[in-house]
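Next come the chains, spelled out residue by residue.
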Amino acid sequence: MPSSLRLCVRRSPAPDARQAGTLVTLRLPSEIGCIEEAVELVTRHCLAGHDATRTTRFRLQVVLSEALSNAIVRGNREDRDKWVDVRAELGPDVIRVEVTDEGDGFDPAAVPEPIRPEQLDEANGRGLYLIRKLVDAVEFNARGNSICMTLRRP
Amino acid sequence: MGFHETKNASGVTVVQVEGQLIVGNRQELKELIQAAVERGERRILIDFSRTGYIDSSGLGALVSISKRIREAGGELRLSGLNEDLRSLFELTKLDTLFAIADTPQQALASF
């Protein structure tokens, strides 16, 4: 595991007040040991300067952890030659976080909901479901290797 | 981040989850519980009073742990879930699978 991850923060100009904001990017290797540090770094920058509620912080941490875990384990299959890119657009009202891996992608519509009684005993399959429940909007690119999660600031 | 295991006066194994329970450390928790079950422990409490967040891998690990303890004829209790952590169990309906108490004291009293 690398000793630390390098985060790039760029403050963008504000031609339109509603678009004003900050762009945060982070590239991390496909190692599950990096996830916790990446989650803390991105969360801290997403919430800097805002009065975030405990729940907003918690939701952001959980969905980042889920998306990074999916990207590293399922997308890049923990291949150390592949990277995961995080791109967060921080506006006054919303946080948009994109997580992109180098995998072949998947069809999110084909992922079943994991809450049927007969599925409760399953150890896997709750990640995407949780993301959908914890953020305001979820989108994927056509290939299915990039997820974009939008959270409205309270 | 880590797990702190103790045994209380009435013989219940108490495991405190400090920090996160996520894909990076869930295996460690599973192995710790497995070792306790193999030692003959049958009453196990996992306490989340000092936990930040849990991801779906962590929830999945708890499902596996619950199954393992049940198969051995034991009992598992969870405690100390704040409102946010508890919401994860409710959203996934896992609150119906686990015996969840508000505090470790209440969980210990329920064994």
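The structure we're discussing is the one just above.
Colleague: Got a sec to walk through the overall build of chain A? Specific residues and values, please.
Modeller: Of regular secondary structure, chain A possesses three helices and six strands. Secondary structure elements of chain A, listed N to C terminal, follow the sequence β-β-α-α-β-β-α-β-β. The buried share of chain A, reckoned over its 154 residues, is 42%. Sequence-distant contacts, at least 24 apart, represent 61% of the contacts inside chain A between residues at least 6 apart. About 8,300 Å² of surface is accessible on chain A, with carbon and sulfur atoms providing 46% of the total.

Colleague: Tell me about the pattern of salt bridges, and name the residues and values.
Modeller: Enumeration according to the criterion identifies 13 salt bridges over all chains in this entry. The shortest N-O distance in the salt bridge between A:Arg54 and B:Asp84 comes to 3.1 Å. Residue A:Arg54 is found in helix H2 (residues 54-75), and its partner B:Asp84 is found in helix H3 (residues 83-91); the two belong to separate chains. Given the relative accessible area of 6%, B:Asp84 is considered buried. A salt bridge links B:Arg39 to B:Glu41; the shortest N-O distance between them is 3.8 Å. A network of salt bridges, in which partner residues are shared, links B:Glu5, B:Lys7, B:Arg39 and B:Glu41.

Colleague: So, the nonpolar core: which residues are in play, and what are the values?
Modeller: Counting residues in each nonpolar core, the largest one holds 67 residues, and the members touching the most others are A:Leu28, A:Val99, B:Ile33, B:Ile46, B:Phe48 and B:Phe89. In terms of residue count, H2(A) provides more of this core than any other element does, nine residues in total. Contact partners of B:Phe89, with chain neighbours within four places excluded, come to B:Ile54, B:Leu59, B:Leu62, B:Leu78, B:Leu81, B:Leu94, B:Asp95, B:Phe98 and B:Ile100.

Colleague: Explain the packing of helix H1 (residues 35-47) of chain A against H2(A) to me, and be specific about the residues and the numbers.
Modeller: Residue and element names in this part refer to chain A. One can describe the packing of H1 onto H2 by two numbers: an axis separation of 9 Å at closest approach and a directional angle of 135 degrees. Judged by the inter-axis angle, H1 sits oblique to H2. Two packed elements cross with a definite hand, and for H1 against H2 that hand is right-handed. From H1, Ile35, Ala38, Val39, Glu40, Val42, Thr43, Cys46 and Leu47 reach across to H2, where they touch Thr56, Arg57, Leu60, Gln61, Leu64, Ser65, Leu68, Ser69 and Ile72. Considered class by class, the residues forming the contact of H1 with H2 number 10 nonpolar, five polar and two charged.

Colleague: Let's hear about the interface of chain B and chain A: which residues, and what values?
Modeller: Accessible area lost when the parts come together is the quantity often used to give the size of an interface. The interface of chain B with chain A comprises 29 residues on the first partner and 26 residues on the second. Summed over both partners, the interface of chain B with chain A buries about 2,200 Å², with 60% contributed by carbon and sulfur atoms. Sorting the residues of chain B by area buried against chain A places B:Tyr53, B:Asp84 and B:Leu91 first, and these three jointly supply 28% of that buried surface. Inspection of the region where chain B meets chain A yields two salt bridges. Between A:Asp121 and B:Arg70 there is a salt bridge, with the nearest N and O atoms lying 3.2 Å from each other. If you look at where chain B meets chain A, you find nine residue pairs in polar contact (both at pLDDT 80 or more).

Rules behind the numbers
Residues numbered from 1 in each chain as written. Chains lettered and ligands numbered in written order. Predicted model: local features only at pLDDT ≥ 70, side-chain atom pairs only at ≥ 80, totals over all residues. Heavy atoms only, no water. Helix = DSSP H or I, 4+ residues; strand = E, 2+ residues; numbered from the N terminus. Buried < 20%, exposed > 50% of the residue type's maximum accessible area, 1.4 Å probe, protein only. Contact = heavy atoms within 4.5 Å. Areas by Shrake-Rupley, 256 points an atom, 1.4 Å probe, with all protein chains shown as cover. Salt bridge = Lys/Arg side-chain N within 4 Å of Asp/Glu carboxyl O. Core = buried A, V, L, I, M, F, W, Y, C linked by side-chain atoms within 4.5 Å. Axes fitted to C-alpha atoms, helices over the stretch in contact; angles between N-to-C directions. Parallel < 35°, antiparallel > 145°, perpendicular 65-115°, else oblique. Left-handed = near helix turned anticlockwise from the far one by under 90°. Nonpolar A, V, L, I, M, F, W, Y, C, P; charged D, E, K, R; others polar. Buried area = accessible area lost by both parts, 1.4 Å probe. Polar contact = N/O pair within 3.5 Å; in protein donor to acceptor, adjacent residues only side chain to side chain.

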